Amino acid sequence: MCWTNSKFWRFEGMQGIYADFYHLQFLYYCPGLPGRWRCARRARFIEGTTRTFLFRTIQEEEEEEVMATSLGSESPRTWGTRKSRNGNILTRIRQAQITGRGMSRGTQLPEALLQERDKKSKWHGIPVLLQKLYESSHPNSDLLQTHGVLKEMSSLLSMEAMTFVTEDRKTAQESTFPNTYTFDLFGGVHLLVEILMRPTLTTQKKKPKMSDDFVKDCLSVLYNCCICTEGVTKTLAARSDFVLFLFSLMTNKKTFLQTATLIEDILGVKKEIIQLEDIPNLPSLVQSFDQQQLANFCRILSVTISEPDIGNDDKHTLLAKNAQQKKNSNPSRAEINQVTLLNIPGFIERLCKLATRKVSEATGTSNFLQELEDWYTWLDNALVLDALMQMASEEAEHSSTESSDESTLATSPLRHRLPQSMKIVHEIMYKVEVLYVLCVLLMGRQRNQVHKMLAEFRLIPGLNNLFDKLIWRKHTSNHVLHGQNQNCDCSPEISFKIQFLRLLQSFSDHHENKYLLLNSQELNELSAISLKANIPEVEALVNTDRSLVCDGKKGLLTRLLTVMKREPADSSFRFWQARAVESFLRGATSYADQMFLLKRGLLEHILFCIIDSGCKSRDVLQSYFDLLGELMKFNIDAFKRFNKYVNTEEKFQIFLNQINSSLVDSNMLVRCIVLSLDRFESQTEDVKVVEVLSECCLLSYMSRVENRLSFLFRLINIINVQTLTQENVSCLNTSLVILMLARRKGKLPFYLNALREKEYAEKYPGCLLNNFHNLLRFWQQHYLNKDKDSTCLENSSCISFSYWKETVSVLLSPDRTSLCAIASYIDEAYMDIDRDFIED
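Note that this is a predicted model, so its numbers are computed, not measured.

Observations concerning the overall build of the protein chain
Thinking step 1. Within the protein chain, the regular secondary structure consists of 40 helices and zero strands.
Thinking step 2. Expressed as a percentage of its 840 residues, the buried residues of the protein chain come to 55%.
Thinking step 3. A fraction of 76% describes how many contacts in the protein chain between residues 6 or more apart in sequence connect residues 24 or more apart.
Thinking step 4. Carbon and sulfur atoms form 51% of the exposed surface of the protein chain, whose accessible area is close to 36600 Å².

Next up, the structure:
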């Protein structure tokens, strides 16, 4: 599986036009990768260059001092007397940092020295300006003068940041950007933090008042330093008091965007997730946000409610996960933050409104491709900065009220001069962030509470109404769709679609609310299918509140099936689409659900993708194998349709080759075929079943014991306790299904003896059975205390979990006289089942 519950892909946004169009950075972010990509090579180059400048100055100063001493006089480039100096400059700064006395900042160097070295070191006057900034920013000083000095510096830093960003989007090239590094090196970052926080630290009744423009410029300079100079963001992240202080600045609409951007950058590198409950007056803060601000705030929230990324979750072993869970049994910070958000009145309702609000389409979308191309060209033009900042100012002045549609941006004169595609992409970026937060909450411990609210606030019908015009329009961008695990740049539309599909997967997965994805007519169709088959309707269908289902001629699931069949063969959307549809079928197998999808040609589409489309992506193929297994399980009509499509030996061999090429990917389908065959063999009184059993090539193939044994050998052999992950543990469960069905028929000893013979034939006696014994011991530890996992096993196999546990206990019996115990089939010389596999 390429994505598990703890790993979400999301579009991190294009900073240049995100939200209110006034972020100053034009970067694409890759879904699922918190923080921005930084070129380490460039960062090292900058650091090395600037440090060389400073240390060269220090070294030259020392050399001049030595020369002056040898001549018996002071160098004109030094100051004071020899006695007044305690060693060289570097030593004095270090000593001051330790003792707190003496020179502690680079700006304490004489101005004459700084000015003289400025040209050689290419400091662009920053140290001298920092001296003035420090001198003019003492408590009770005139901040107008301070602001003037800051403006003089900020132009240097902002231009550097813009150059950095635009060059990042081009082919790799070396550039030097020492300005922000020099600013930080001489204490500028620390000084700005001190200035910003000064009102909160003073005991005076009349606190110093800073203008909004001054605060914005301080925040912009800090953000530019974060962009260009590695280490600044981490330094700021280490100041927990400063991080919490920044949230207080979000109450001011004029400084909101700059504050939110800086907070997001800081939280992206912070080692520990902050606790939302530590933010002063969080509920009132969130309730004060207008819709655009709330959408921006979701970017910050996404960092605080997602579990830290520990690498590819699929590769993180279950053994390590279990050990980690034992150490940390208490709820994580992310889980606590999720509860905090749910307790904010109206929070989920507002997110649902944001996710489902419509987008004005005054100019239509017929020329969308051309508009989008023009938009990318326009975005590369540096003049766009002036336009975006002008619009930001207009909105700050006029957006005092909240709108449920396009907000006050729609009234901005400049807004109407923007390409229509840019307006749509702007809205899409909002929705990506909102859908991501809702998706994370849907997968958390409070899932049922979230589900109830999403249903009540009609999230699914709202998304259904947006589907054709916004979510899956006919005209989409021509961006290449990258594989979902690659660190790639993704367009806003691609990210939006992926996040939408993830939300559907999370919403449907093992939950009775999944029927909200249909409309009333489609619900009636399910009832008719059950009635015709003379089977009772599933309880979840009966209990569905029809006032909350989709409107219109088609429900959301049906719309998804329509675009799924039109998707190009090489599209990575196929993976996400298949996952979303599969989640609708998960849980207790429903014949009516399967027939609903079979009638719409889903099985034939899947078989085409596996056999005829030439698909090479293992991820996409795995998603189709899993979907096919859920669609066909216990359904004799599905196997009949399969045999009708796979009507030649050539097609059948291609299908088998796809299965055998990666059993980890296809084992769920193998499990489905084994389980279905076992049930059909007990229904021989049904003429249709007998007919399909005799004709279906797939059932005939699996009915041969040598083929089932072949799958069993390989399933056990490709995994061991140390390599078990959420991705491949299904192989262990599939092997158990084969043995449980054999045990029911009294053939378990035959299968165990066949494993023993296989070991000796392959000349590694004891290896296979010892490995399987260890796997089953781990299975007991992993599943017996996990109610959710056990329920999934029971529902997917229609075998009671008590029989699963009983079979494992029988297999692990230490009684070597038992014909059903693994130990009986391992010669004593090769016995290795008492070793503690956890210590391996």
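Concerning the nonpolar core
Thinking step 1. If you look at the biggest cluster of nonpolar residues, it comprises 225 residues, and the most contacted ones within it are Phe-183, Phe-242, Met-250, Phe-347 and Phe-655.
Thinking step 2. Dropping the residues within four chain positions of it, Met-250 is found in contact with Phe-256, Thr-259, Ala-260, Ile-263, Leu-285, Phe-289, Phe-297 and Ile-300.

Some points on the packing of aromatic side chains
Thinking step 1. One pass over the full model with this rule turns up 17 aromatic pairs.
Thinking step 2. Ring geometry for Phe-467 versus Trp-472: centroids 6.3 Å apart, planes at 15°, classification stacked.
Thinking step 3. You can call Trp-472 buried: its relative accessible area is 8%.
Thinking step 4. With a centroid separation of 6.2 Å and an interplanar angle of 5°, the aromatic rings of Trp-779 and Trp-804 are classed as stacked. One end of the pair, Trp-779, is in helix α38 (residues 767-783); the other, Trp-804, is in helix α40 (residues 801-811), with 25 residues separating them in the sequence. For the pair Trp-779 and Trp-804, a shared accessibility class is recorded, and that class is buried.
Thinking step 5. Taken together, the ring pairs connect Phe-247, Phe-256, Phe-289 and Phe-297 into an aromatic cluster.
Thinking step 6. Over the ring of Phe-584 we find Lys-514; its NZ or CZ atom is 5.0 Å from the centre of that ring.
Thinking step 7. The ring centre of Phe-596 lies 3.7 Å from the NZ or CZ of Arg-600, which sits over that ring.

Some details on the environment of Phe-507
Thinking step 1. Positionally, Phe-507 belongs in helix α22 (residues 492-508).
Thinking step 2. In this structure Phe-507 comes out as buried when scored by relative accessible area, which is 0%.
Thinking step 3. With 53 residues separating them along the chain, Phe-507 and Leu-454 place their C-alpha atoms 9.3 Å apart.

Details of α38
Thinking step 1. In this model α38 runs 24 Å from its N-terminal to its C-terminal C-alpha over 17 residues, within 8% of the 24 Å that 1.5 Å per residue would give.
Thinking step 2. In terms of burial, α38 is largely enclosed, as 13 of its 17 residues are buried.

A closer look at the packing of helix α4 (residues 126-136) against helix α7 (residues 188-201)
Thinking step 1. Close contact between α4 and α7 brings their axes to 11 Å; oriented N to C, the two are set at 20°. When the interaxial angle is binned, α4 and α7 end up roughly parallel. Considering how the two elements wind past one another, α4 and α7 form a crossing that is left-handed. Of the residues in α7, those touching α4 at Leu-130, Leu-133 and Tyr-134 are Gly-188, Leu-191 and Leu-192.
Thinking step 2. Residues of the contact of α4 with α7, tallied by class, amount to five nonpolar, one polar and no charged.

Quick word on the packing of helix α36 (residues 729-744) against α40
Thinking step 1. The interhelical angle for the contact between α36 and α40, taken along N-to-C directions, is 85°, at an axis separation of 10 Å. With respect to α40, the element α36 is oriented roughly perpendicular. Residues Asn-733, Leu-736, Val-737, Leu-739, Met-740, Arg-743 and Arg-744 of α36 form the contact with α40, whose own contacting residues are Tyr-803, Trp-804, Glu-806, Thr-807, Val-808, Val-810 and Leu-811.
Thinking step 2. Taken together, the residues of the contact of α36 with α40 break down into nine nonpolar, two polar and three charged.

A closer look at the confidence of the model for the protein chain
Thinking step 1. On average, residues of the protein chain score 78 in pLDDT, and 71% of them reach the 70 mark or higher.
Thinking step 2. Looking over the protein chain, one finds the lowest element-wise mean pLDDT in helix α1 (residues 40-71), namely 41, and the highest in helix α27 (residues 591-598), namely 98.
Thinking step 3. For residues 168-175, every residue scores under 50 in pLDDT, and the model assigns this stretch 15 contacts once sequence neighbours within four places are set aside.
Thinking step 4. Note on residues 361-366: pLDDT under 50 across the span, and nine contacts to partners over four residues away in sequence or across chains.

Comments concerning the pattern of salt bridges
Thinking step 1. Scanning the entire structure with this criterion turns up 25 salt bridges.
Thinking step 2. Across the pair Glu-194 and Arg-198 runs a salt bridge whose closest N-O atoms are separated by 3.2 Å. In this pair, Glu-194 and Arg-198 are both assigned in helix α7, four residues apart and thus about one turn of the helix distant.
Thinking step 3. The partly exposed category is assigned to Glu-194, whose relative accessible area is 34%.
Thinking step 4. A salt bridge links Glu-335 to Arg-445; the shortest N-O distance between them is 3.1 Å. With a gap of 110 residues between them, Glu-335 in helix α15 (residues 333-342) and Arg-445 in the loop between α19 (420-442) and α20 (447-456) connect regions that are remote in the sequence.
Thinking step 5. A single network of salt bridges, built from pairs that share partners, joins Asp-509, Arg-579, Glu-582, Arg-586 and Asp-626.

What about α36?
Thinking step 1. Between its first and last C-alpha atoms α36 spans 23 Å; for 16 residues at 1.5 Å apiece the expected length is 22 Å, and the two agree.
Thinking step 2. Among the 16 residues of α36, 15 are classified as buried, and the element is accordingly described as predominantly covered.
Thinking step 3. Looking one or two residues beyond α36, the residue adopting positive phi is Gly-746, at roughly 75°.

A few points about the environment of Leu-523
Thinking step 1. For Leu-523, the location among the structural elements is in helix α23 (residues 520-532).
Thinking step 2. Considering only alpha carbons, one finds Leu-523 and Val-549, 26 residues apart in sequence, at a separation of 9.2 Å.

Quick word on unusual backbone geometry
Thinking step 1. You will see that Asn-281, though not glycine, has its phi angle at about 55°, which is positive.
Thinking step 2. Among the structural elements, Asn-281 can be located in the loop between α11 (256-269) and α12 (282-288).

With respect to the environment of Arg-445
Thinking step 1. With relative accessibility at 55%, the residue Arg-445 sits in the exposed group.
Thinking step 2. Considered as a pair, Arg-445 and Ile-336 are 109 residues apart in the sequence and their alpha carbons are 9.8 Å apart.
Thinking step 3. Not counting the four nearest positions on each side in its chain, Arg-445 is found in contact with Pro-331, Glu-335 and Gln-338.
Thinking step 4. A polar side-chain atom of Arg-445 sits 3.1 Å from a polar atom in the side chain of Glu-335.

Here's the deal with the side chain of Asn-519
Thinking step 1. Position of Asn-519 among the secondary structure elements: in the loop between α22 and α23.
Thinking step 2. At 2.8 Å, the side chain of Asn-519 and the backbone nitrogen of Glu-522 are in polar contact.
Thinking step 3. With sequence-adjacent residues up to four places away left out, Asn-519 is seen in contact with Val-549, Cys-550, Gly-552, Lys-553, Lys-554 and Gly-555.

What counts and how
Residues numbered from 1 in each chain as written. Predicted model: local features only at pLDDT ≥ 70, side-chain atom pairs only at ≥ 80, totals over all residues. Heavy atoms only, no water. Helix = DSSP H or I, 4+ residues; strand = E, 2+ residues; numbered from the N terminus. Buried < 20%, exposed > 50% of the residue type's maximum accessible area, 1.4 Å probe, protein only. Contact = heavy atoms within 4.5 Å. Areas by Shrake-Rupley, 256 points an atom, 1.4 Å probe, with all protein chains shown as cover. Core = buried A, V, L, I, M, F, W, Y, C linked by side-chain atoms within 4.5 Å. Phe/Tyr/Trp six-rings, centres within 6.5 Å; stacked < 30°, edge-to-face > 60°. Lys NZ or Arg CZ within 6 Å of the ring centre and 35° of its normal. Expected span 1.5 Å × (residues − 1). Axes fitted to C-alpha atoms, helices over the stretch in contact; angles between N-to-C directions. Parallel < 35°, antiparallel > 145°, perpendicular 65-115°, else oblique. Left-handed = near helix turned anticlockwise from the far one by under 90°. Nonpolar A, V, L, I, M, F, W, Y, C, P; charged D, E, K, R; others polar. pLDDT = per-residue confidence, 0-100. Salt bridge = Lys/Arg side-chain N within 4 Å of Asp/Glu carboxyl O. Polar contact = N/O pair within 3.5 Å; in protein donor to acceptor, adjacent residues only side chain to side chain.

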